[in-house]
Amino acid sequence: NGRTETIWEASAPTLEDVVLFGPKLPPVLAKINLGGSLVQFALSYLLGSDAKDLADVQEVQSAGSVSFNEQFTVLATSSECAEALIDSDLEAIVFKALAKLKKPLVVLRWRDRIQVRLFTHTKSPADMDAMVKVGLEVASQSARPQSERVGRQLTDAEQRIFNKA
């Protein structure tokens, strides 16, 4: 198909849900039903058997900060899982990676693994390091017990930001 990409992938503890985020999509595309037969057929060419895991994803605007949501579209099978995964630590690493990469980055937390995709071919150690750091932070977030990720107390810094809003 002429498209090149660089992918970092690692296995991860199994979750019930799928979360993915990437460059901001036009609102109409973010709302598309990925479970429809025509869309699933097209996705199967891009993702193979993983396409079926995206059938129930919906846009989650409550995951991440305002600045994160201005730059990314978050799709997930569970808003709670997306909200727990995308915290200030992950956002900081993603923004730092984007500053280095200067290319679109897509992160997929599949049910059994993590993928970080850069839609260009790179052999740059700095680019690969940035992708790995994002993937490892997603892995770190995924490995924390759900009770620590959902409903956690705000840090002092987060509380100050929240109070200013």
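For the structure itself, consult the block above.
In this text, all values refer to a predicted model and were calculated from it rather than measured experimentally.

### Quick word on the environment of Q71
Then, in step 1: Within the secondary structure, Q71 is located in helix α3 (residues 66-71).
Then, in step 2: On the basis of relative accessible area, Q71 is assigned to the partly exposed category, the value being 43%.
Then, in step 3: Along the chain, Q71 and L25 lie 46 residues apart, while their C-alpha atoms are 9.0 Å from each other.
Then, in step 4: Once you skip the residues sitting within four places of it in the chain, Q71 turns out to touch G22, P23, K24, F95 and L98.

### Topic: the pairing of strand β2 (residues 19-23)
In the case of a regular strand, side chains alternate between the two sheet surfaces.
Then, in step 1: Counting buried positions over the five residues of β2 gives four, a clear majority of the element.
Then, in step 2: Alignment of β2 against strand β4 (residues 72-76), held across five bridges, turns out to be antiparallel. Counted as the bridge partner of L20 is L75 from β4.
Then, in step 3: Relative to strand β5 (residues 105-109), β2 runs antiparallel, the two being bridged by three bridges. Counted as the bridge partner of L20 is L108 from β5.

### So, the pattern of salt bridges
Then, in step 1: Overall, the coordinates contain four salt bridges when judged by the stated rule.
Then, in step 2: E9 is the salt-bridge partner of R113, the closest N and O atoms lying 3.3 Å from each other. Placement of the pair is R113 in strand β6 (residues 113-118) and E9 in strand β1 (residues 6-11), with a sequence separation of 104 residues.
Then, in step 3: Residue classification places R113 among the buried positions, given a relative accessible area of 14%.
Then, in step 4: A salt bridge links K133 to D129; the shortest N-O distance between them is 3.2 Å. With K133 and D129 both in helix α6 (residues 125-143) and four residues apart, this pair spans about one turn of that helix.
Then, in step 5: A relative accessible area of 40% means that K133 is categorised as partly exposed.
Then, in step 6: Judged by its relative accessible area of 33%, D129 is partly exposed.
Then, in step 7: Beyond isolated ion pairs, a larger network of salt bridges with shared partners links E9, D112 and R113.

### Considerations on the nonpolar core
Generally speaking, a soluble globular protein has its nonpolar side chains buried in company with each other.
Then, in step 1: Grouped together as the largest cluster of nonpolar side chains are 29 residues, with contacts concentrated most on F21, V74, I86, V94 and L105.
Then, in step 2: Counting only elements with at least two residues in this core, the list comes to β2, β4, α4 (79-85), α5 (88-101), β5, β6 and α6.
Then, in step 3: The leading source of residues in this core is α5, at five residues.
Then, in step 4: Beyond its immediate chain neighbours, meaning those up to four positions away, L105 contacts F21, G22, P23, F72, L98, V116, R117, M131 and V134.
Then, in step 5: Among the nonpolar cores identified, the runner-up in size contains eight residues, and V18, V106, L108 and W110 belong to it.

The rules behind the values
- Residues numbered from 1 in each chain as written.
- Predicted model: local features only at pLDDT ≥ 70, side-chain atom pairs only at ≥ 80, totals over all residues.
- Heavy atoms only, no water.
- Helix = DSSP H or I, 4+ residues; strand = E, 2+ residues; numbered from the N terminus.
- Buried < 20%, exposed > 50% of the residue type's maximum accessible area, 1.4 Å probe, protein only.
- Contact = heavy atoms within 4.5 Å.
- Pairing = 2+ DSSP bridges.
- Salt bridge = Lys/Arg side-chain N within 4 Å of Asp/Glu carboxyl O.
- Core = buried A, V, L, I, M, F, W, Y, C linked by side-chain atoms within 4.5 Å.

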